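This is what each chain is made of:
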Amino acid sequence: QVQLKESGGGWVQAGASLRLSCAVTGTIASVEQMAWYRQAPGDQREKIAQITRDGNTDYATSVQGRFSIYQNNTKTTLFLQMNGLKPEDTAVYYCNAEGHIGAVSPFDSWGRGTQVAVSA
């Protein structure tokens, strides 16, 4: 049971960098995995990066080597550092958290998204 709020989106030119943030409140200790997704108009929502409780990360091939996902020490903020942005990175970016309350009650929380637009 967590609440998420993304920020940091904006408009940039190709090749620029942005850092997205996701503020996490609620039962942070229950979170087992967090991720960034994105969705462009007319496209399906795509998982871009994820990080597990122990800090292991995974990235979509489309962003591998350009994006990095990380958290602050208290896990109250999730970040997505985006370098070498391309026009195809234009999308609404969403923060996601998955975990369990107790032993049997799963949850899947989402933020409302933040817009990233990359101009050629």
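In every chain, residue numbers begin from 1 and rise along the written sequence. Since the coordinates come from a predicted model, pLDDT governs what is reported: local features require at least 70, and pairs of side-chain atoms require 80 or more to be given and counted, while whole-chain, interface and lining totals use all residues. Each side-chain value is worked out from all heavy atoms of the structure, with water and hydrogens disregarded.

Enquirer: Teacher, can you tell me more about the sheet that holds strand β1 (residues 2-7) here?
Expert: Strands belonging to one sheet form pairs held by backbone hydrogen bonds; the direction of such a pair is parallel or antiparallel. Any two strands with at least two DSSP bridges between them are considered paired. Secondary structure elements follow DSSP: runs of H or I no shorter than four residues count as helices, runs of E no shorter than two count as strands, and numbering proceeds from the N terminus. With antiparallel pairing, four strands are arranged side by side in an open sheet as β1-β3-β8-β7. Each having just a single partner strand, β1 and β7 (67-71) make up the two edges of the open sheet. Between one strand and the next, the sheet's axes are offset by a mean angle of 15°, whatever the strand orientation. Pairing of strand β3 (residues 18-26) with strand β8 (residues 77-82), which is carried by six bridges, proceeds in the antiparallel orientation. Within β8, the position partnered with Ala-23 by the bridge is Thr-77. Every axis corresponds to a line fitted to the C-alpha atoms, with the helix fit spanning only the stretch in contact, and the corresponding angles, defined between N-to-C directions, vary from 0 to 180 degrees.

Enquirer: Got a minute to help me understand the state of the cysteines in this structure?
Expert: The bond known as a disulfide is covalent and runs between the sulfur atoms of two cysteines. By convention in this document, the label disulfide applies to cysteine sulfur atom pairs within 2.5 Å. Summed over all chains, the structure comprises one disulfide. Disulfide pairing places Cys-22 opposite Cys-95 at an S-S distance of 2.1 Å. The chirality of the disulfide connecting Cys-22 with Cys-95 is left-handed, given an S-S dihedral of about -85°. Here the residue Cys-22 occupies a position in strand β3, and Cys-95 occupies one in strand β9 (residues 91-101), the gap between them amounting to 73 residues. Only protein chains enter the accessibility calculation, which uses a 1.4 Å probe. A residue is then buried if its area is under 20% of the maximum for its type, exposed if over 50%, and partly exposed in between. Overall, the relative accessible area of 0% leaves Cys-22 in the buried class.

Enquirer: I tried to follow the packing of aromatic side chains on my own but got confused; where do I start?
Expert: The geometry of two aromatic rings is summed up by the distance between their centres and the angle between their planes. Here the aromatic set is Phe, Tyr and Trp, taking the six-membered ring for Trp, and pairing holds for ring centres within 6.5 Å; pairs whose planes are under 30 degrees apart are stacked, those over 60 apart are edge-to-face, and all others are tilted. Inspection of every chain in the model, using the stated rule, returns two aromatic pairs. An angle of 20° between the planes, with centres 4.9 Å apart, marks the rings of Tyr-70 and Phe-79 as stacked. Judged by its relative accessible area of 30%, Tyr-70 is partly exposed. The class for Phe-79 is buried, based on a relative accessible area of 12%. In this structure, Arg-45 is placed above the aromatic ring of Tyr-94, and the distance from its NZ or CZ to the ring centre is 3.8 Å. The rule for a charge over a ring is simple: NZ of Lys or CZ of Arg within 6 Å of the ring centre, and within 35 degrees of the ring normal.

Enquirer: Is there a simple way to think about the nonpolar core in this case?
Expert: For soluble globular proteins, the rule of thumb is that nonpolar side chains tend to be buried together. Definition of nonpolar core: a set of buried residues of the types Ala, Val, Leu, Ile, Met, Phe, Trp, Tyr and Cys, connected through side-chain atoms within 4.5 Å. Formed by 30 residues in total, the largest nonpolar core has its most connected members in Met-34, Trp-36, Leu-80, Met-82 and Tyr-93. Residue assignment for this core shows that the elements contributing at least two residues are β1, β3, β4 (31-39), β5 (46-52), β7, β8, β9 and β11 (114-119). The criterion used for residue contact is that any of the two residues' heavy atoms lie within 4.5 Å. In contact with Met-34, not counting residues within four places along its chain, are Leu-4, Cys-22, Val-24, Ala-49, Gln-50, Ile-51, Ile-69, Gln-71, Leu-78, Cys-95, Asn-96 and Ala-97.

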